[in-house]
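Architecture at a glance
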Amino acid sequence: MSNLERIQVISRVLRYLVIAIASGILVAVIIGQLIFGQWWISLGDDNFNVLWENQEVSRVLLAAVMAPLLVIMLMGVYWLQRLLSEFQKGYFFTESNMRCFLWLLWLKVASFVYAILWPLVLSLFLSQEQSADMEILLNIGDFFDLLLLVVILHLLKAAQSINRENKEFV
């Protein structure tokens, strides 16, 4: 098996794995909440679960607060599986790949920012004594992941340019 074929097979397997895991997470959320009335997937600290069980807080507002996380996850799954689909087809230095990488980078940025804002938004619904214990977490690892993605995207753009020049030369 050639390197290209190996990459294509790995990309296909990873693509279906991403779709299966994301589907499993969504099913776990839906079944856990609708059938058992509990969250099987944890979102940050326990403040969201406490608020969800509080009858005084609107679940519609809490769902609206949680919606960006769901949108970011679904869009991330879409763009990641689309990128893996391109790799599966043997396309590595295309405009479509760059679009996928760019979307994944911006989704990572949005996720990083919303992870910082999430406790602040939840604190609006908490009582005074609960919000006094609120903490904002800044994950330095996520910050460096963002920097790494920017470097990778820059390197891929340069590789795409070199690939285009090589094709024009031949």
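The structure displayed is predicted, hence computed values, not measured ones. (Residues numbered from 1 in each chain as written. Predicted model: local features only at pLDDT ≥ 70, side-chain atom pairs only at ≥ 80, totals over all residues. Heavy atoms only, no water.)

1. A few points about the overall build of the protein chain
Let me state the cut-off plainly: To qualify as a helix, a DSSP run of H or I must reach at least 4 residues; to qualify as a strand, a run of E must reach at least 2; elements of each kind are numbered from the N terminus. Throughout, radius of gyration means the C-alpha value; the globule benchmark is 2.2 Å times the number of residues raised to the power 0.38. Three labels apply to residues, based on accessible area from a 1.4 Å probe with only protein chains included: buried if under 20% of the type maximum, exposed if over 50%, partly exposed otherwise in between. Working rule for contacts: check all heavy atoms of both residues, and any pair within 4.5 Å makes them a contact.
From N to C terminus, the protein chain includes 6 helices and 0 strands. Each helix (α) and strand (β) of the protein chain, taken in turn from the N terminus, gives the series α-α-α-α-α-α. Here the protein chain has a C-alpha radius of gyration of 20 Å; the compact-globule value for 170 residues is 15 Å, and the former is much larger. If one aligns the C-alpha atoms of the protein chain with their principal axes, the spans along those axes are about 70 × 30 × 20 Å. Taken over 170 residues, the protein chain has a buried fraction of 28%. Across the protein chain, every contact between residues at least 6 apart in sequence was considered, and the portion connecting residues at least 24 apart equals 65%.

2. Re helix H3 (residues 59-88)
Definition in use: What a helix should span is 1.5 Å times the count of its residues minus one. Working definition for bend: take the seven residues up to and ending at a residue and the seven starting at it, fit an axis to each, and measure the angle between the axes.
Here H3 is 30 residues long and its end C-alpha atoms lie 41 Å apart, about the 44 Å a rise of 1.5 Å per residue gives. The largest bend in H3 comes to about 35°, at Met-66, with the proline Pro-68 one to four residues further on.

3. Remarks on the packing of aromatic side chains
Put simply, the test is: For Phe, Tyr and Trp, where Trp contributes only its six-membered ring, two rings pair if their centres lie within 6.5 Å, and the inter-plane angle classes them as stacked under 30 degrees, edge-to-face over 60, or tilted in between.
Overall, the coordinates contain 7 aromatic pairs when judged by the stated rule. Note on Tyr-78 and Trp-79: the rings are 5.1 Å apart at their centroids and 80° apart in plane angle, and the pair reads as edge-to-face. Under the relative-accessibility criterion, Tyr-78 is labelled partly exposed at 39%. A residue is classified by how much of its surface remains accessible, and Trp-79, at 8% relative accessible area, is buried. Linked through ring pairs, Tyr-78, Trp-79 and Trp-103 together constitute an aromatic cluster.

4. Topic: helix H6 (residues 140-169)
Given a rise of 1.5 Å per residue, 30 residues ought to cover 44 Å, and the 44 Å separating the end C-alpha atoms of H6 matches this to within 8%. Burial in H6 covers these residues: Leu-146, Leu-153, Leu-156 and Gln-160. Those residues of H6 that are buried are in contact with helix H4 (95-123).

Worth remembering: the numbers are spatial, not functional.
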